[in-house]
Amino acid sequence: MTIRKLAKMLFAINGMQFLLCIGILAGLWKDVFQQADFVLDLAMGLMLLSSLLSIGGLFSVTRYQNQSYRESMQNLENLNSRLREQRHDYLNQIQIVYGLLELGEYEDARDYMRPVFKDIMKVNRALKTAQPAVNALLQAKMETAEKQGIDFYLEVGTQLSDLAMEPWELCKVLGNLIDNAVTAVSGLPGERRISLDMREAKEFYQIAVRNNGPEIPEQHRKQIFNQGFTTKKEEGHGMGLAIVASVLKEAKGGIRFESDHNETVFIVTVPKAVRKPLSFPRAKMTR
């Protein structure tokens, strides 16, 4: 049960309680309320049901947020550890380059610096948003792709400063889409490529996750966002895209995809938070 459905149920039950109280105070439905035991039992039942739903809702929200916080903190810890390791490694690299320059081996120094510079740029690209949890997730996914020999291209054209959804919710969306892209290209014999592009417009952010994996079959295209649908034989699959669609629906966003023999791209739209205009008190005119 989603938080929104639970809120609707609580609203309906509290509305019934309100109408019941109004009816009692106004003396309506006299024939019904002459039976005091019935009225008391009904009121107590509604109150008990409302309390149970409230407790269940608070428990679900707390558990959900704690899990999201733990995932975000783990990603941040991994990122910090990675940055410390890279700082130590870069100091060693700089010493080697300096030694080559001292010896006049300029071509060797340039060749040596090329992969180091590429690695540095990967970290810089992953740290361009204003959301630490998103940065940590992207860094972790880039490392996963690199270990599997997958080229991961990241283009960040926005700070994601005005998200209308919680950052860990966006991490769920990005994490599932990137994981699916990794799975799609993992069996390719030649080049394996994933790209993630973030852009923003006036009222929304747009995120595109591309991969050069196989084309999505036509007969599967209407079902891929359904919960439990998967083309894999192993158990535990079929939830990723359903989770993405559910999260985006709650956030008033959207998702669509395009697929052909060259690439598959999932395009996500996330609305921006509405900023309230600043109001200033009017100055009083004095004569």
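Here is a short report on the structure shown in this document. (Residues numbered from 1 in each chain as written. Predicted model: local features only at pLDDT ≥ 70, side-chain atom pairs only at ≥ 80, totals over all residues. Heavy atoms only, no water.)

## Some details on the pattern of salt bridges
Link 1 in the chain: Across all of its chains, the model carries 9 salt bridges by this definition.
Link 2 in the chain: A salt bridge links Asp197 to Arg199, with the nearest nitrogen and oxygen atoms 3.0 Å apart.
Link 3 in the chain: Where Glu258 meets Arg256, a salt bridge forms, and the shortest distance between an N and an O atom there is 3.0 Å.
Link 4 in the chain: The exposure class of Glu258 is partly exposed, given its relative accessible area of 43%.
Link 5 in the chain: Taking the relative accessible area as the measure of exposure, Arg256 reaches 45% and is therefore partly exposed.
Link 6 in the chain: Each member of the salt-bridge network shares a partner with another, and the members are Glu215, Glu218 and Arg221. (Salt bridge = Lys/Arg side-chain N within 4 Å of Asp/Glu carboxyl O. Buried < 20%, exposed > 50% of the residue type's maximum accessible area, 1.4 Å probe, protein only.)

## A few points about the environment of Thr264
Link 1 in the chain: Topologically, Thr264 is positioned in strand 5 (residues 264–271).
Link 2 in the chain: With relative accessibility at 3%, the residue Thr264 sits in the buried group.
Link 3 in the chain: For Thr264 and Asn212, which are 52 residues apart along the polypeptide, the C-alpha to C-alpha distance reads 6.4 Å.
Link 4 in the chain: Once residues lying within four places of it in the same chain are set aside, the contact partners of Thr264 are Val209, Arg210, Asn211, Pro214, Glu215, Ile216, Glu258 and Ser259. (Helix = DSSP H or I, 4+ residues; strand = E, 2+ residues; numbered from the N terminus. Contact = heavy atoms within 4.5 Å.)

## Section: the pairing of strand 3 (residues 204–211)
Link 1 in the chain: Strand direction decides the pairing type here: strand 2 (residues 193–200) and strand 3, joined by 7 bridges, are antiparallel. Bridge assignment links Ser195 to a residue of strand 3, and that residue is Arg210.
Link 2 in the chain: If you look at the hairpin formed by strand 2 and strand 3, you'll find 3 residues sitting between the two strands.
Link 3 in the chain: As paired strands, strand 3 and strand 5 are joined by 8 bridges and run antiparallel to one another. Looking at the pairing, Val209 lines up with Phe266 of strand 5. (Pairing = 2+ DSSP bridges.)

## Quick word on the sheet that holds strand 2
Link 1 in the chain: The 5 strands are arranged 1-2-3-5-4 in an open sheet whose pairing can be described as mixed. Looking at the sheet topology across the chains shown, the edges are occupied by strand 1 (151–156) and strand 4 (254–259). The mean inter-strand angle of the sheet, taken between neighbouring strand axes irrespective of direction, is 10 degrees.
Link 2 in the chain: Here helix 6 (residues 167–185) sits on the sheet in contact with strand 1, strand 2, strand 3, strand 4 and strand 5, set at roughly 155 degrees to strand 2. (Axes fitted to C-alpha atoms, helices over the stretch in contact; angles between N-to-C directions.)

## Points about the packing of aromatic side chains
Link 1 in the chain: Scanning the entire structure with this criterion turns up 3 aromatic pairs.
Link 2 in the chain: Ring-pair connections join several aromatic residues into one group, and the members of that group are Phe225, Phe257 and Phe266.
Link 3 in the chain: The ring of Tyr205 has Lys272 lying over it, and the distance from NZ or CZ to the ring centre is 5.3 Å. (Phe/Tyr/Trp six-rings, centres within 6.5 Å; stacked < 30°, edge-to-face > 60°. Lys NZ or Arg CZ within 6 Å of the ring centre and 35° of its normal.)

## Let's talk about helix 6
Link 1 in the chain: When the terminal C-alpha atoms of helix 6 are compared, their 27 Å separation across 19 residues agrees well with the 27 Å that a helix rising 1.5 Å per residue should span.
Link 2 in the chain: Within helix 6, the full set of buried residues consists of Trp168, Glu169, Leu170, Cys171, Val173, Leu174, Gly175, Leu177, Ile178, Ala181, Val182 and Val185. (Expected span 1.5 Å × (residues − 1).)

## Quick word on helix 7 (residues 240–250)
Link 1 in the chain: Buried residues of helix 7: Gly240, Leu241, Ala242, Val244, Val247 and Leu248, and no others.
Link 2 in the chain: Turning to helix 7, the residues buried within the fold contact helix 6, strand 4 and strand 5.
Link 3 in the chain: One or two positions beyond helix 7, positive phi appears at Lys252, with a value near 65 degrees.

## As for the packing of helix 6 against helix 7
Link 1 in the chain: Helix 7 packs onto helix 6 with a crossing angle of 150 degrees between their chain directions and a minimal axis gap of 9 Å. Regarding the angle of helix 6 to helix 7, the classification is roughly antiparallel. The two elements helix 6 and helix 7 meet at a crossing, and its hand is left-handed. Facing Glu169, Lys172, Val173, Asn176, Leu177 and Asn180 of helix 6, the residues of helix 7 in contact are Gly240, Leu241, Ile243, Val244, Val247 and Leu248.
Link 2 in the chain: The class makeup of the residues in the contact of helix 6 with helix 7 is 7 nonpolar, 3 polar and 2 charged. (Parallel < 35°, antiparallel > 145°, perpendicular 65-115°, else oblique. Left-handed = near helix turned anticlockwise from the far one by under 90°. Nonpolar A, V, L, I, M, F, W, Y, C, P; charged D, E, K, R; others polar.)

## Regarding the side chain of Lys272
Link 1 in the chain: Within the secondary structure, Lys272 is located in the segment after strand 5.
Link 2 in the chain: A polar side-chain atom of Lys272 sits 2.7 Å from the main-chain carbonyl oxygen of Ala201.
Link 3 in the chain: When neighbours within four sequence positions are excluded, Lys272 is seen to be in contact with Asp162, Ala164, Glu200, Ala201, Lys202, Glu203, Phe204 and Tyr205. (Polar contact = N/O pair within 3.5 Å; in protein donor to acceptor, adjacent residues only side chain to side chain.)

## Structural notes on the nonpolar core
Most often, soluble globular proteins keep nonpolar side chains buried together rather than apart.
Link 1 in the chain: Leu170, Leu174, Leu196 and Met198 are the most contacted members of the largest nonpolar core, which has 39 residues in total.
Link 2 in the chain: Of all elements in the fold, only helix 5 (132–147), strand 1, helix 6, strand 2, strand 3, helix 7 and strand 5 reach the threshold of two or more residues within this core.
Link 3 in the chain: Element by element, the count of residues in this core is highest for helix 6, at 9 residues.
Link 4 in the chain: Other than its neighbours up to four places away in sequence, Leu170 contacts Val134, Leu160, Leu163, Met165, Ile207 and Val270. (Core = buried A, V, L, I, M, F, W, Y, C linked by side-chain atoms within 4.5 Å.)

Any link to function would need more than the numbers given here.
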